[in-house]
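Working through the structure, step by step
In case you want the letters, here they are:
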There are 2 protein chains.
Amino acid sequence: MGKKELDMKGSVVLLGVGQVGRSLLHLISGVNARTKADSRLNVIGIADSHAALLDDDALSQEILSEAAGIKEKGGTLEQMEGTLPLSEITSALSPGTILVDVTASSDTGPLLETALSRGCGVVLANKRPLASEWEKAEVFFSHPHVRYEATVGAGLPVISTLRYLISCNDSFSSIKGVLSGTLGYMCSEMERGSSYSQALLSARDLGYTEPDPREDLMGTDVARKALILARSAGWPLEPDKVDVEPMFPDFLSQVTVDEFLREINTLDEEYAMRTSEAQTAGKSLRYVAKIDRTGAAVGLSQEEKESALGSLSGAENAVIFRTRFYNDVPLTVCGPGAGPLVTAAGVLGDILDLNVHMRKDR
Amino acid sequence: MGKKELDMKGSVVLLGVGQVGRSLLHLISGVNARTKADSRLNVIGIADSHAALLDDDALSQEILSEAAGIKEKGGTLEQMEGTLPLSEITSALSPGTILVDVTASSDTGPLLETALSRGCGVVLANKRPLASEWEKAEVFFSHPHVRYEATVGAGLPVISTLRYLISCNDSFSSIKGVLSGTLGYMCSEMERGSSYSQALLSARDLGYTEPDPREDLMGTDVARKALILARSAGWPLEPDKVDVEPMFPDFLSQVTVDEFLREINTLDEEYAMRTSEAQTAGKSLRYVAKIDRTGAAVGLSQEEKESALGSLSGAENAVIFRTRFYNDVPLTVCGPGAGPLVTAAGVLGDILDLNVHMRKDR
């Protein structure tokens with residue numbers, strides 16, 4: 001190994017120019033700057049939900065920076081010169097190109113399938129195409145040119161560890177994990193004495209939550225990750241086989257974000273009680289996903305204080321694999337499971353890996 | 001993914017029929033039994049330090065079982081009919097064959113190099129060829145057809161996580177780990193109140209130590225792992241750049257095993273003091289490898305009780321990567337880092353992975 005000149009030669013089309021997309025563009029331009037012109041990874045297209053920018057050879061660094069700047073200020077690609085309707089993106093899908101989906105959209109599935117049928121590779125940070133009904137999602141789990149490391153645990157090698165165990169001809173008995181940095185942070189803060197509302201507001205201030213924090217609190221994002229882990233382990237669960245406990249009551253689901261935030265202190269007492277119940281039992285309260293071949297459950301759980309999940313702090317993620325070979329003592333991967341930079345790093349790893357594999361397959 | 005018919009078609013020559021070698025033969029026969037005849041992994045040769053058994057097509061299950069039985073009883077392959085001198089092994093090294101070294105020999109290097117030059121793949125659980133002077137070892141780190149997952153952390157995906165980080169274009173700042181199940185177990189037992197001599201004898205009873213336990217206690221095996229991690233991270237350290245603290249004093253290095261075991265209770269006081277010093281400081285005493293680009297140190301270290309290393313129990317291993325992307329919060333892999341079955345599983349994973357890659361390269 002050591003320091004070698006990278007040969008990353010390949011073309012990428014990027015769907016999504018949010019935080020992860022911009023971090024990815026930044027990482028790509030960083031490695032390209034240290035690479036000979038003919039072995040660079042060329043970004044030949046980018047798109048947001050409004051428009052696309054395409055160039056057969058490569059979008060220039062200037063154009064990519066301008067696009068990133070506009071998106072950072074909350075604008076859309078439509079504001080730029082030379083943009084095309086979103087539907088034009090298919091013209092960039094020639095064999096060998098890698099289509100990268102870092103959106104949170106549930107509508108990219110058909111485009112991703114078109115890409116695969118044209119001999120493109122697909123890299124996903126977007127969980128939704130992988131977490132829909134099995135009939136639609138199956139293609140992404142069975143196709144050799146799909147990668148999705150960043151969908152679970154951001155840049156942590158969770159999916160690659162799972163694939164490694166499969167490559168050792170191991171078989172899974174269960175998978176368990178803390179898969180949300182936001183909910184992990186909240187549990188950890190409540191353990192340190194914060195109320196539910198304080199913990200939530202501080203997670204929000206740190207930028208850990210979605211604009212509407214209920215999107216994190218309702219647990220569906222963790223449920224999607226649980227589904228992706230299950231399916232990767234060879235268990236084709238349907239979404240309705242994942243039992244989800246939300247971290248707020250139903251009657252607060254229909255109000256506005258502001259109203260929700262005004263009401264959250266009414267939840268303090270309940271969550272303080274659940275936290276202290278765990279502490280009285282000598283345990284830690286964690287938001288945990290538990291997965292096996294029969295289904296998955298996502299919700300609060302009392303974990304042993306010294307266990308891999310109970311000893312997590314802050315926004316850390318951890319995934320615990322129990323398998324035929326790792327039965328008495330399981331295999332654990334842990335570390336920061338969120339953040340645009342590590343997520344983008346995982347996406348870049350997938351792109352480079354897929355690029356090498358697709359070149360060999362040709 | 002899911003359950004697919006495995007196509008593992010390929011040929012393997014196995015050096016070493018000790019515990020790991022026999023577990024590997026067992027795993028291979030298990031998967032072969034579930035595979036169609038023309039996609040099996042054929043063991044076409046096995047060898048111990050005395051003799052070789054070869055068959056152009058495949059050694060039969062009966063012959064492999066007989067060989068395993070003899071080795072298990074402490075015999076050698078020479079006792080079998082049809083064995084050949086060890087030097088004949090080169091005749092089995094045709095392009096595409098995978099040579100697997102699960103010995104603990106420092107003499108296999110030239111044979112491994114011959115294999116590579118003939119277009120074979122090489123899979124190592126033997127650390128020595130990777131831990132010799134850089135000039136000799138370099139070929140094994142730079143050649144695309146070499147795998148060595150099982151040399152560090154047995155079957156834990158330590159090397160593959162390291163490779164994953166490199167594939168994300170990450171760069172390492174430091175690597176730290178508990179890399180010896182034996183010494184991990186001893187530290188853990190001393191923490192629970194056992195004396196040094198009790199902890200050592202109980203590790204010995206559990207089969208965790210080498211016949212001469214000083215081979216574990218002197219730390220050179222951990223030093224080899226540290227060297228392998230450093231070199232894999234791109235730091236071509238020489239063996240003399242690894243500073244090693246042995247877990248017994250120099251004056252006990254020249255006596256017989258029995259004399260050594262009679263003398264060990266003279267060490268109880270010193271190690272009880274070091275353990276209680278750590279506890280007084282609110283920490284855990286661990287046998288730790290610390291690696292960066294300038295060198296490596298292997299020895300006892302006080303670790304925070306709630307840290308990944310401080311909270312290990314029993315014979316568990318853990319490796320902590322600090323990198324450009326995993327800086328504030330590092331990436332940790334932990335689990336059982338020893339045992340013939342998980343080690344053999346890691347070796348099998350390497351064989352299957354290498355098999356796929358070499359087929360694509362042809």
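**A short note on the packing of aromatic side chains**
- This model, assessed by the stated rule, comprises 12 aromatic pairs over all chains.
- Ring centres 5.9 Å apart and planes at 55 degrees place the aromatic pair F172 of chain A and F321 of chain A in the tilted group. Here F172 of chain A, found in strand β8 (residues 172-178), pairs with F321 of chain A, found in strand β12 (residues 316-323); they are 149 residues apart in sequence, far enough to count as distant.
- For F172 of chain A, a relative accessible area of 8% gives the class buried.
- Ring centres 5.6 Å apart and planes at 75 degrees place the aromatic pair F248 of chain B and F260 of chain B in the edge-to-face group. Here F248 of chain B is found in the loop between β9 (242-244) and α11 (257-263), whereas its partner F260 of chain B is found in helix α11, with 12 residues between them in sequence.
- The exposure class assigned to F248 of chain B is buried, which follows from its relative accessible area of 8%.
- Within the aromatic cluster, the residues linked to one another by ring pairs are W134, F141 and Y148 of chain A.

**Observations concerning the pattern of salt bridges**
- Within this structure, the stated rule accounts for 24 salt bridges over all chains.
- Measuring nitrogen to oxygen at the nearest pair gives 3.5 Å for the salt bridge that ties E304 of chain A to K283 of chain A. With E304 of chain A in strand β11 (residues 295-304) and K283 of chain A in strand β10 (residues 283-292), this residue pair connects regions lying 21 residues apart in the sequence.
- The residue D221 of chain B makes a salt bridge to K127 of chain B at a minimum N-O spacing of 3.3 Å. Taken as a pair, D221 of chain B in helix α10 (residues 220-232) and K127 of chain B in the loop between β6 (121-124) and α4 (128-131) lie far apart in primary sequence, 94 residues in all.
- Judged by relative accessible area, D221 of chain B falls into the partly exposed class, the value being 24%.

**What about the nonpolar core?**
- Among the nonpolar cores identified, the biggest contains 229 residues, and Y196 of chain A together with Y196 of chain B are the most heavily contacted of them.
- The residues touching Y196 of chain B, leaving out its near neighbours within four places in the chain, are M186, M190, L217, M247, F248, F260, I264, L267, D268 and Y271 of chain B.

**Re the relation of the copies chain B and chain A**
- For the pair chain B and chain A, the best superposition has an RMSD of 0.0 Å and corresponds to a rotation of 180 degrees with a translation of 0.0 Å parallel to the axis. The operation mapping one copy onto its partner corresponds to a two-fold rotation axis. Closest to the rotation axis within chain B is the C-alpha of V333 of chain B, separated from it by 2.3 Å.
- A shared interface surface links the copies, since 98% of the contact residues of chain B are contact residues in chain A too.

**Observations regarding the state of the cysteines**
- Tallied over the full model, the rule gives 0 disulfides over all chains.
- Of the cysteine sulfurs around C168 of chain A, a residue in no disulfide, the closest is that of C334 of chain B, at 17 Å.

**Quick notes on a negative patch on the surface**
- A contiguous patch of negative charge, built from E135, E138, E238 and D240 of chain B, is present on the exposed surface.
- With respect to the helices and strands, the residue E138 of chain B is situated in helix α5 (residues 134-142).

**Section: the domain arrangement of chain A**
Residue and element names in this part refer to chain A.
- We note that the domain assignment places domain 1 (10-154 + 341-361) and domain 2 (162-337) within chain A.
- Each of domain 1 and domain 2 has a C-alpha centre, and these two points are 28 Å apart.
- Contacts between the two partners involve 15 residues from domain 1, matched on the other side by 16 residues from domain 2.
- Of all residues in domain 1, K127, W134 and V152 bury the most surface against domain 2, accounting for 40% of the area lost on that side.
- At the surface where domain 1 touches domain 2, the tally comes to 1 salt bridge.
- Linking domain 1 to domain 2 there are 5 residue pairs in polar contact (both at pLDDT 80 or more).
- Of all elements in the fold, only α4 (128-131) and α5 (134-142) reach the threshold of two or more residues within the side of domain 1 that touches domain 2.
- Tallied by class, the residues present in the side of domain 1 that touches domain 2 amount to 9 nonpolar, 3 polar and 3 charged.

Analysis parameters
- Residues numbered from 1 in each chain as written.
- Chains lettered and ligands numbered in written order.
- Predicted model: local features only at pLDDT ≥ 70, side-chain atom pairs only at ≥ 80, totals over all residues.
- Heavy atoms only, no water.
- Phe/Tyr/Trp six-rings, centres within 6.5 Å; stacked < 30°, edge-to-face > 60°.
- Helix = DSSP H or I, 4+ residues; strand = E, 2+ residues; numbered from the N terminus.
- Buried < 20%, exposed > 50% of the residue type's maximum accessible area, 1.4 Å probe, protein only.
- Salt bridge = Lys/Arg side-chain N within 4 Å of Asp/Glu carboxyl O.
- Core = buried A, V, L, I, M, F, W, Y, C linked by side-chain atoms within 4.5 Å.
- Contact = heavy atoms within 4.5 Å.
- Least-squares fit on C-alpha atoms with pLDDT ≥ 70 in both.
- Disulfide = S-S within 2.5 Å.
- Patch = residues over 30% accessible without salt bridge, like charges linked within 9 Å, V, L, I, M, F, W, Y side chains within 5 Å.
- Areas by Shrake-Rupley, 256 points an atom, 1.4 Å probe, with all protein chains shown as cover.
- Lys, Arg positive; Asp, Glu negative; His and termini not counted.
- Charge placed at Lys NZ, Arg CZ, Asp CG, Glu CD.
- Domains from an automatic or database assignment.
- Buried area = accessible area lost by both parts, 1.4 Å probe.
- Polar contact = N/O pair within 3.5 Å; in protein donor to acceptor, adjacent residues only side chain to side chain.
- Nonpolar A, V, L, I, M, F, W, Y, C, P; charged D, E, K, R; others polar.

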